[in-house]
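Listed here are the chains, written in short residue letters.
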Amino acid sequence: MSYIVLARKYRPQKFSEVYAQDHIVQILKNAIEYERIGQAYLFTGSRGVGKTSLARIFAKSLNCERGPSDNPCNVCTNCTEITSGISPDVIEIDGASNTSVDDIRDLQKELMYSTSRSKYKIYIIDEVHMLSKNAFNALLKTLEEPPKNVIFIFATTEPHKIIATIISRCQRFDFKRIPIEAIVANLKDLCSKEKIYVEEEALYIIAKKADGGMRDALSLLDQVISYGNDKISANQVRSVFGIIHADVYHKIMSAITSHNPAIMINMLNEILDKGTDIHEFINSFLDYLRNCLLIKIGLLPNDLNSSQIDIIKEMLVNVNQDELIYMMSYLIDSKNQIKMSHNASIIIEMIFVKLTKLSEMKSLNDILEKLSEGIVSVSNIPQVSNPIQSQIIHEQTKTVQEKFMNIATTNKPAFTNINEEILKQHWEGLMHKVTQEYAITASFLQNCTIKTIHDNHIYFNTNSSIGHKKLISHKHNLEELFSKHFSLRILIDFVLIEIEKPETIKNPTFQDIQKESPNLAKFIELTDSIIQS
């Protein structure tokens, strides 16, 4: 097969051809120039941003017959073999299919052999996060002290799956997602070389769909070229990928701002009848709302042209930022409902019809918030043009006001002051609550006695020094628990009572023993025992 796909044909072969990774390119070029080559490198980033391509370029720069050089010739034997992937000294390993300890042991055996004709033996392990934990552990010692002139380059899209001991032995480089403008510029240059005409708007659609990956963008371009041959329009690109035209989103937004559910349902039916994926549609409309929000706060999205920006500005005259944020939050929350539903079309109709009622929902929320602050009552509810909505607001406002009245009644203190009698009546319930929260503290509190109560300040006596320390440590927790129970501010203190110990008589006489312990004295007499000092 003679045809080579664009992603392979235009794969970067020099540092200067790598897009949007200038920070990494500069470090690697300096390392080559100043001969500060590391023993292990970790390249991380999303798919298609140039991790493996840059690893190959770095390998060519180190092993080029005219190098090491930061500008490999790409014509010598070493360079051409690395480009073709057949170099005996630059070995590319797929981490997904070589995951075991045995695979790593085989690799370690190969390390004993010197290079064939290159300066460095380089191992590029792609998707390294797929290695098992045991395989990583087997690699640790080799990675820390590899043989002379051996370099490891790891590439991964999921660095969090790599154990920390591996990462600590590598120089880590995080690759950026490639900006839309950079992707479009590259696609323009490529189309010029291929002598293919592609509308600029079509390139922006492809670049946006690529989601920061140059390889994805080239694969998508390959697909649309097969559809449109040497002349490609934006509509053709939308047709190939099932992308909805921006005008459709403008009409949907117009239906929302004009509060017209009939137009909204008709628009949704047209979209769904074309076989558009519902989740893709929701995500695309969220992107549209994001652009609306950016325009509203004074920023210009880079994926919209000036005419589209003007249309959105005119449409958003009566829409504020809070409403746009509400719509985005509502759609994000509703995505789970759509996933769980067996009839997603009905759910999505309900969601978008509800968006056309945004101002009515907002007025209801405003009233409920004011009611909670005591600003609005049932007698002075603002009038709403829609009689049905007015009735709903009246009923819900009355319900919420009754709820607040009940809460106020419930929270009204039952006592203004507590005394010992009241405390004893509630003691069992209090002990139950304390036991649930602090079981050990409850056991010490149970053995306390009430010393006095003055102005809702309770003083307890305890004769346990250990218990006293424990009770003091939970003093504030107990005060909070007692205060909630009585709906009063209760203070608590604990007083340690020391028990007087009887004095012991040194060298007691028989008369002293008779006074202290008559039974012991009788035993001494019966047994003719002798008291020794």
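As a starting point, this report considers the structure included with it. Remember, predicted model here, so these are calculated numbers, not experimental data.

### Observations regarding the overall build of the chain
Counting its regular elements, the chain contains 26 helices and 10 strands. Evaluated residue by residue, the chain yields a buried proportion of 39% over its 533 residues. Looking at the chain alone, contacts between residues at least 24 apart form 69% of all its contacts between residues at least 6 apart.

### Here's the deal with empty space enclosed by the protein
Within the structure shown, the criterion is met by 1 cavity of 30 Å³ or more. When its volume is computed, the largest cavity comes out at roughly 40 Å³. Every residue along the wall of the largest cavity is listed here: R11, P12, Q13, S53, R56, I57, K60 and T83. When residues in the lining of the largest cavity are grouped by element, the largest group, 4 residues, is from helix α3 (residues 51–63).

### Considering the packing of helix α21 (residues 427–437) against helix α22 (residues 439–446)
Packing of α21 against α22 brings their axes to within 6 Å, and their N-to-C directions diverge by 150°. For the pair α21 and α22, the contacting residues are W427, M431, V434, T435 and E437 in the first and A439, A442, L445 and Q446 in the second. Broken down by class, the residue content of the contact of α21 with α22 amounts to 6 nonpolar, 2 polar and 1 charged.

### Some remarks on helix α11 (residues 234–241)
Those residues of α11 not exposed but buried are A234, V237, R238 and F241. Buried residues along α11 cover an arc of 100° about the axis, so they all sit on one side.

### Here we look at the pairing of strand β3 (residues 121–126)
With 5 of its 6 residues buried, β3 lies for the most part within the structure. Taking the sense of rotation as the criterion, the β-α-β connection linking strand β2 (residues 90–94), helix α5 (residues 101–110) and β3 turns out right-handed. Bridge count between β3 and strand β4 (residues 150–156): 6 bridges; the pairing is parallel. From the neighbouring strand, Y123 faces β4, where its bridge partner is F152. Handedness of the crossover is the feature at issue here: the chain leaves β3, passes through helix α6 (residues 133–144), returns alongside β4, and the resulting connection is right-handed.

Cut-offs used in this document
Residues numbered from 1 in each chain as written. Predicted model: local features only at pLDDT ≥ 70, side-chain atom pairs only at ≥ 80, totals over all residues. Heavy atoms only, no water. Helix = DSSP H or I, 4+ residues; strand = E, 2+ residues; numbered from the N terminus. Buried < 20%, exposed > 50% of the residue type's maximum accessible area, 1.4 Å probe, protein only. Contact = heavy atoms within 4.5 Å. 1 Å grid on protein atoms, 1.4 Å probe; cavity = no way out; pocket = protein on both sides within 12 Å on 5 of 7 lines; lining within 4 Å. Points joined across faces, edges and corners; volume = space filled by probe spheres on them. Axes fitted to C-alpha atoms, helices over the stretch in contact; angles between N-to-C directions. Nonpolar A, V, L, I, M, F, W, Y, C, P; charged D, E, K, R; others polar. Arc of directions from axis to C-beta. Right-handed = clockwise from strand over helix to strand, strands pointing away. Pairing = 2+ DSSP bridges.

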